Amino acid sequence: DYLASAFDRRRVPSAYLYENAQGQRFLVYVFRAQNQPETSGMYWNYRRGEQIASVMEWLGGRPLPVNCTGEPYGDCRCNEDENSVAVAYFNCTADGIEKLDFRFARDVKNIKIIGGKGEQRNARTVSIEDIRGFGYVALEAEYV
């Protein structure tokens with residue numbers, strides 16, 4: 001079923017999905033995030049972002065406009081309208097990022113990359129290279 005495929009407990013333990021009688025949906029962690037030290041692998045790890053992204057459609061009723069998981073100290077911000085999307089990604093660590101893929105929920109064209117270099121790999125994926133420590137990159141695109 002959808003939940004089993006979207007939420008693979010074997011890869012990322014310590015959480016479960018819950019839907020109450022009113023139809024409200026939740027991703028529930030079995031630990032207290034505020035009690036975890038910043039260096040804890042329970043909250044800040046490479047799989048946590050993938051875990052959250054994999055269930056966003058189930059939780060919110062629609063897919064994320066863009067997904068750029070893989071770096072636990074990255075902050076991805078997105079704004080969209082019916083015709084276009086703008087994305088800002090902030091690398092919040094001193095370590096550089098060699099390559100980061102931005103995966104869009106819809107086909108995009110006319111990509112403009114600001115503050116970095118990269119390329120459109122297919123209709124829904126843009127790869128950015130060499131984001132410096134504490135650096136940023138921004139993308140603008142039109143929906144097809």
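Summarised in this report is the structure supplied together with it. Nothing here was measured: the structure is a model prediction, and the numbers come from that model.

1. Concerning the overall build of the chain
Argument step 1. Along its length, the chain carries two helices and ten strands.
Argument step 2. Taking all 144 residues of the chain together, 29% fall into the buried category.
Argument step 3. Contacts spanning at least 24 positions in sequence make up 53% of the contacts within the chain whose residues lie at least 6 apart.
Argument step 4. Approximately 9,100 Å² of the chain is accessible, and the part contributed by carbon and sulfur atoms is 47%.

2. So, the sheet that holds strand 3 (residues 66-67)
Argument step 1. Spatially, 3-6-9-8 is the arrangement adopted by the four strands of the open sheet, whose pairing is antiparallel. Among the strands making up the open sheet, the edge pair consists of strand 3 and strand 8 (117-122).
Argument step 2. Here two bridges tie strand 3 to strand 6 (residues 97-104), and the two strands are oriented antiparallel to one another. Note that in strand 6 the partner of Asn 67 across the bridge is Arg 103.

3. Overview of helix 2 (residues 46-60)
Argument step 1. Taking 1.5 Å as the rise per residue, helix 2 with 15 residues should run 21 Å; its terminal C-alpha atoms sit 22 Å apart, in good agreement.
Argument step 2. The sharpest bend along helix 2 reaches about 35° and sits at Ser 54.
Argument step 3. Of the positions making up helix 2, those classed as buried are Arg 48, Gln 51, Ala 53, Val 55 and Trp 58.
Argument step 4. In the stretch just after helix 2, Gly 61 is the one whose phi turns positive, near 85°.

4. Focus: the nonpolar core
Argument step 1. In terms of nonpolar packing, the biggest core is built from 17 residues, with Tyr 89, Phe 102 and Phe 104 touching the most fellow members.
Argument step 2. Listed by contribution, the elements that provide at least two residues to this core are strand 5 (84-91), strand 6, strand 9 (125-131) and strand 10 (136-143).

5. Details of the sheet that holds strand 5
Argument step 1. Spatially, four strands are ordered 4-5-10-7 in an open sheet, and the strand pairing comes out antiparallel. Lying at the two open borders of the sheet, with one neighbouring strand each, are strand 4 (74-80) and strand 7 (108-114). Going across the sheet, the axis of each strand differs from the next one's by a mean of 15°, ignoring polarity.
Argument step 2. Examined bridge by bridge, strand 7 and strand 10 share five bridges and lie antiparallel to one another. Paired with Ile 114 across the two strands is Ala 138, which belongs to strand 10.

6. As for the pattern of salt bridges
Argument step 1. In the structure shown here, the tally under the stated rule is six salt bridges.
Argument step 2. A salt bridge links Asp 107 to Arg 124; its shortest N-O distance comes to 2.8 Å. Placement of the pair is Asp 107 in the loop between strand 6 and strand 7 and Arg 124 in the loop between strand 8 and strand 9, with a sequence separation of 17 residues.
Argument step 3. Residue class for Arg 124 comes out partly exposed when judged on its relative accessible area of 39%.
Argument step 4. Close ionic contact of Asp 130 with Lys 117 constitutes a salt bridge, the shortest N to O distance being 3.8 Å.

7. A closer look at the environment of Ser 84
Argument step 1. Examined against the element boundaries, Ser 84 turns out to sit in strand 5.
Argument step 2. We classify Ser 84 as partly exposed; its relative accessible area is 26%.
Argument step 3. The spatial distance from the C-alpha of Ser 84 to the C-alpha of Lys 109 is 9.3 Å, given a sequence separation of 25 residues.
Argument step 4. Every residue in contact with Ser 84, bar those within four places of it in the chain, is listed here: Asn 79, Ala 141, Glu 142 and Tyr 143.

Each value, and the rule that gives it
Residues numbered from 1 in each chain as written. Predicted model: local features only at pLDDT ≥ 70, side-chain atom pairs only at ≥ 80, totals over all residues. Heavy atoms only, no water. Helix = DSSP H or I, 4+ residues; strand = E, 2+ residues; numbered from the N terminus. Buried < 20%, exposed > 50% of the residue type's maximum accessible area, 1.4 Å probe, protein only. Contact = heavy atoms within 4.5 Å. Areas by Shrake-Rupley, 256 points an atom, 1.4 Å probe, with all protein chains shown as cover. Pairing = 2+ DSSP bridges. Expected span 1.5 Å × (residues − 1). Bend = angle between axes of the 7 residues up to and from the residue. Core = buried A, V, L, I, M, F, W, Y, C linked by side-chain atoms within 4.5 Å. Axes fitted to C-alpha atoms, helices over the stretch in contact; angles between N-to-C directions. Salt bridge = Lys/Arg side-chain N within 4 Å of Asp/Glu carboxyl O.

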